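Architecture and fold: a report
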Amino acid sequence: MATRKKTLSSSSSSKLPEWSLLPEELLQIVSKNVENCFDVVHARSVCNSWRSLFPFPSCLLRPSYSIPAFDEFTLESKDLCTLEKVPLFVFRVKTPTASASPFEYFLGGIGRDDHMDLPSPFQCSVKVEIPGYDSILMNMLDCQILSLGHQYRLIGWEPKDYRGVAFLPLNKEGREEEFVVILNYTNVLMVLTSAEMKWKRLENVPYAICSDLVTFRGRFYASFLSRNTFVIDPYSLEVTLLMPSPQKQLNYLVASGNDELFLVEVTIPNFDVIDFSRFTCIVSRLDEEGGKWVEVTDLGERVLFIGHFGNVSCSAKELPDGCGLRGNTILFTNEPTFAYKYGVDTGSAGDDLNCWRSTRENRVSILNTSPVLALQVER
């Protein structure tokens, strides 16, 4: 009986496809029809021949630029630092223990990993830290991964009160190799062009804290605590005020790819302790042609993430059914909270229904914030 069982097992395993033996002419066809960057990553991990035929996805590369730092007192240029493009993703992974929640998500950058000496190289991996467990290097091959665009980070230089940096290439004829960088620094915006390689203060913007600096459809957008939002042309550096001005002091800019740019204005109740679950919000989308903000009550299938690793958006349609995150919601990732929706009835007659507020459904816990943001959706 044991012999027969062994024979059946051998027969079954022999029927499994040996993908590494796929004829090269068929492999060429496969390589030309794989579009998703992580499908390419998976294909490169089959064997060395597949790895050599499938180039590493360009969207996962981290191009970098050498730019000067500046003296914080004189603003004169000094040693060089590096500006690096970091692709951002949200990914759902298998947790290291069976008792952990099945709906844990990680948000952050993923880098190429070619140094690992393994039979099937991990093309992308991330270091994950979960309280109560040792740090682990997690293979991305079995993860569900959604692209969130990218952000830029400074390496080798961290100015005091530095709040972020934005980068745009200049794509007009004759200027293809040029770029513009804007640094969100204390109460000013500093701008650097590749043509001059020298930092200078951006004019015609408030001397105030810039709460958000983003790029959208080839232009810079900045929001200030002085309750102003501006669009900045990267070629002329002309600054244009967007109307109407935000009514709330705390506001965030969230780009949804190249489709929409949203402004989220937050009202914070007067309490001794900040409680994210008691915030209320107004959301507007950019009417680019009219140069104004238009209030919206529906985000479609989008989920807006606001907080750690900047403000990003993804489609809830790409998330697994029953995962606890739904479309048309806002999720603050600075503190444990609940998703926000429009028109939530709190049961209190004094509460305004014409705003976004906490749903009190599916609490989201923050497991970790470095090196990636780890979220757990409790159902």
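Residues numbered from 1 in each chain as written. Predicted model: local features only at pLDDT ≥ 70, side-chain atom pairs only at ≥ 80, totals over all residues. Heavy atoms only, no water.

1. Some details on the overall build of the chain
Across its full length, the chain holds four helices and 26 strands. Out of the 379 residues belonging to the chain, those deemed buried represent 45%. Split by element, the accessible area of the chain, about 20200 Å² in all, is 47% carbon and sulfur. (Helix = DSSP H or I, 4+ residues; strand = E, 2+ residues; numbered from the N terminus. Buried < 20%, exposed > 50% of the residue type's maximum accessible area, 1.4 Å probe, protein only. Areas by Shrake-Rupley, 256 points an atom, 1.4 Å probe, with all protein chains shown as cover.)

2. Some thoughts on the sheet that holds strand E8 (residues 162-169)
What the four strands build is an open sheet, ordered E8-E9-E10-E11; its pairing is antiparallel. Lying at the two open borders of the sheet, with one neighbouring strand each, are E8 and strand E11 (200-201). With seven bridges joining them, E8 and strand E9 (residues 179-185) adopt antiparallel strand pairing. Looking across to E9, one finds that Pro169 is bridged to Phe179. (Pairing = 2+ DSSP bridges.)

3. A word on helix H3 (residues 37-44)
With six of its eight residues buried, H3 lies for the most part within the structure. Residues Cys37, Phe38, Val40, Val41, Ala43 and Arg44 constitute the buried set of H3.

4. Some points on the nonpolar core
Membership of the largest hydrophobic core comes to 19 residues, with the highest contact counts inside it found for Ile182, Leu189, Leu202, Phe220, Ala222, Phe224 and Ile232. Elements represented by at least two residues in this core include exactly E8, E9, strand E10 (188-193), strand E12 (210-216), strand E13 (219-224) and strand E14 (228-232). Setting aside chain neighbours within four positions, we find Phe224 in contact with Leu189, Val205, Pro206, Ala208, Ile209, Cys210, Ser211, Phe230 and Asn251. Listed in part, the 18 residues of the second largest apolar core include Ile67, Leu83, Phe179 and Leu183. (Core = buried A, V, L, I, M, F, W, Y, C linked by side-chain atoms within 4.5 Å. Contact = heavy atoms within 4.5 Å.)

5. Looking at the pattern of salt bridges
Tallied over the entire structure, the rule returns three salt bridges. Among the salt bridges present, the one from Arg62 reaches Glu84, with a minimum N-O distance of 3.5 Å. Within this pair, whereas Arg62 is found in the loop between helix H4 (48-53) and strand E1 (64-70), its partner Glu84 is found in strand E2 (residues 77-92), the two being separated by 22 residues in sequence. Owing to a relative accessible area of 17%, Glu84 belongs among the buried residues under this scheme. Put simply, Glu288 and Arg217 hold a salt bridge, and the shortest N to O gap is 2.8 Å. Linking Glu288 in the loop between strand E18 (280-287) and strand E19 (292-296) with Arg217 in the loop between E12 and E13, this pair joins segments that are 71 residues apart in sequence. Bridged by salt links that share partners, the residues Arg217, Arg219 and Glu288 form one connected network. (Salt bridge = Lys/Arg side-chain N within 4 Å of Asp/Glu carboxyl O.)

6. Notes on the UniProt feature "domain: F-box" (unreviewed entry) in the chain
UniProt tags residues 19-54 as "domain: F-box" (unreviewed entry). In residues 19-54, helix accounts for 64% and strand for 0%; the two terminal C-alpha atoms are 14 Å from one another. (UniProt positions renumbered as here; feature names shortened; annotations may be inferred.)

7. Considering the environment of Tyr342
Looking at the secondary structure, you find Tyr342 in strand E23 (residues 340-342). In this structure the C-alpha to C-alpha distance between Tyr342 and Thr280, which are 62 residues apart in sequence, comes to 9.5 Å. Contact partners of Tyr342, with chain neighbours within four places excluded, come to Thr297, Leu353, Asn354, Cys355 and Trp356.

8. Focus: the environment of Val191
Following the sequence through the fold, Val191 ends up in strand E10. Relative accessible area serves as the criterion here: at 2%, Val191 is assigned to the buried category. Linking Val191 and Glu203, residues twelve residues apart in sequence, is a C-alpha distance of 9.5 Å. Among all residues touching Val191, those that are not within four sequence positions of it are Val180, Val181, Ile182, Lys198, Trp199, Lys200, Leu202 and Leu237.

9. A look at the environment of Tyr340
Mapped onto the secondary structure, Tyr340 falls in strand E23. Under the relative-accessibility criterion, Tyr340 is labelled buried at 0%. Residues Tyr340 and Trp356 lie 16 residues apart in sequence; the distance between their C-alpha atoms is 5.9 Å. Reaching out from Tyr340, the side chain makes a polar contact with the backbone nitrogen of Phe279 at a distance of 3.5 Å. (Polar contact = N/O pair within 3.5 Å; in protein donor to acceptor, adjacent residues only side chain to side chain.)

10. Overview of the sheet that holds E14
Taken together, four strands build an open sheet; the order of strands is E12-E13-E14-E15 and the sheet is antiparallel. A single partner strand is all that each edge strand has here, and the edge strands are E12 and strand E15 (239-241). Adjacent strand axes in the sheet meet at a mean angle of 25°, parallel and antiparallel pairs treated alike. (Axes fitted to C-alpha atoms, helices over the stretch in contact; angles between N-to-C directions.)

11. Some words on the side chain of Thr359
With respect to the secondary-structure elements, Thr359 resides in the loop between strand E24 (356-358) and strand E25 (364-368). On the basis of relative accessibility, which here comes to 16%, the residue Thr359 falls in the buried class. Setting aside residues no more than four positions away along its own chain, Thr359 makes contact with Phe338, Ala339, Tyr340, Lys341 and Val344.

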